[in-house]
Amino acid sequence: PDLEERTFVVPNCLNFGAVRAEADRGTALPPSQERIVVTVARLGKEKGVLRAIRAAADLKDRLHYYILGDGVQRAQAEEMIASLGLSRTVELLGEQENPYGYMRTADLLLIPSFSEAAPMVIGEAACLGTPVLTTRTSSAREMVEQTGFGWVCENSTDGIRQGLTYLLEHPEELDRRRAALKQRRFDDGLAKTRFMELME
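Read on for a plain summary of the structure. (Residues numbered from 1 in each chain as written. Predicted model: local features only at pLDDT ≥ 70, side-chain atom pairs only at ≥ 80, totals over all residues. Heavy atoms only, no water.)

1. Let's talk about the environment of Gly-44
- Examined against the element boundaries, Gly-44 turns out to sit in the loop between strand S1 (35-40) and helix H2 (49-57).
- For the pair Gly-44 and Ser-87, spaced 43 residues apart in the sequence, the C-alpha separation amounts to 21 Å.
- Those residues within four positions of Gly-44 in sequence are excluded, and the remaining contacts are Val-72 and Gln-73. (Helix = DSSP H or I, 4+ residues; strand = E, 2+ residues; numbered from the N terminus. Contact = heavy atoms within 4.5 Å.)

2. Points about the sheet that holds S1
- If you walk across this open sheet you meet the six strands as S3-S2-S1-S4-S5-S6, and the pairing is parallel. With one partner strand each, in any of the chains shown, strand S3 (90-94) and strand S6 (150-153) form the two edges of the open sheet. With strand direction ignored, the average angle separating the axes of adjacent strands in the sheet is 25°.
- Inspection of the sheet shows S1 paired to strand S2 (residues 63-68) by six bridges, in the parallel sense. Residue pairing across strands places Val-37 opposite Tyr-65, the latter belonging to S2.
- Strands in contact with helix H5 (residues 120-127) are S1, strand S4 (108-111) and strand S5 (132-135); relative to S4, the strand with the most contacts, it is inclined by about 170°. (Pairing = 2+ DSSP bridges. Axes fitted to C-alpha atoms, helices over the stretch in contact; angles between N-to-C directions.)

3. Digging into the packing of helix H1 (residues 16-25) against H5
- Where H1 contacts H5, the two axes come as close as 10 Å, and the packing angle between them is 65°. You can see that H1 and H5 cross each other, and the crossing is right-handed. Of H5, the residues touching H1 (which contributes Phe-16, Val-19 and Arg-20) are Gly-123, Glu-124 and Cys-127.
- Partitioning the contact of H1 with H5 into residue classes produces three nonpolar, one polar and two charged. (Left-handed = near helix turned anticlockwise from the far one by under 90°. Nonpolar A, V, L, I, M, F, W, Y, C, P; charged D, E, K, R; others polar.)

4. Some remarks on the pattern of salt bridges
- This model, assessed by the stated rule, comprises 14 salt bridges.
- For the salt bridge of Asp-107 with Arg-35, the shortest nitrogen-to-oxygen distance reads 3.3 Å. With Asp-107 in the loop between helix H4 (100-105) and S4 and Arg-35 in strand S1, the pair connects residues that are 72 residues apart, well separated along the chain. Residue Asp-107 shares its accessibility class with Arg-35, and that shared class is buried.
- The closest approach of N and O atoms between Asp-187 and Arg-185, which form a salt bridge, is 2.4 Å.
- What makes Arg-185 exposed here is its relative accessible area of 70%.
- Here the salt bridges do not stand alone but share partners, grouping Arg-35, Asp-107 and Asp-175 into one network. (Salt bridge = Lys/Arg side-chain N within 4 Å of Asp/Glu carboxyl O. Buried < 20%, exposed > 50% of the residue type's maximum accessible area, 1.4 Å probe, protein only.)

Below you can see the structure in the form of structure tokens.
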């Protein structure tokens, strides 16, 4: 609080029009009777993808989980999917130059990270009408709860499992949030204005 007068916040500047255009050109996920959950992340320890796979194991008849990204934990993820019998539930799609078609198709974007700063993927998903479930990290409440983009769960495997379970048991909440996001207007006006104010 003693630095309040010296602190200036500029939100992430995203080209929402370009994201939507890329989604139009991108690949859509196939229809599924289960809810479709997507994670877009580097497969590194801090991103928590392995614990998200563990959480999905208990929900394998109720969701289809796609992971977009690559990294040092790819082999571990493949081994875990095989050992838990999740080959029909969890799919590793690798790094995608254009992930936005997948994101738009999903019912939910899952961010299972141990820590995050201000991930751009939150705003990208929201502007495509896809709600977000994220673990509790430094920016989670501000970027997801307070904006109405989605939900925050505890930062643990059980927290992710419980968050997913709640949304699977209350599909009307997912549908209502998706509809609200699709009605929302997203533009860079605020970020650009705040940045220019900072420069001045």
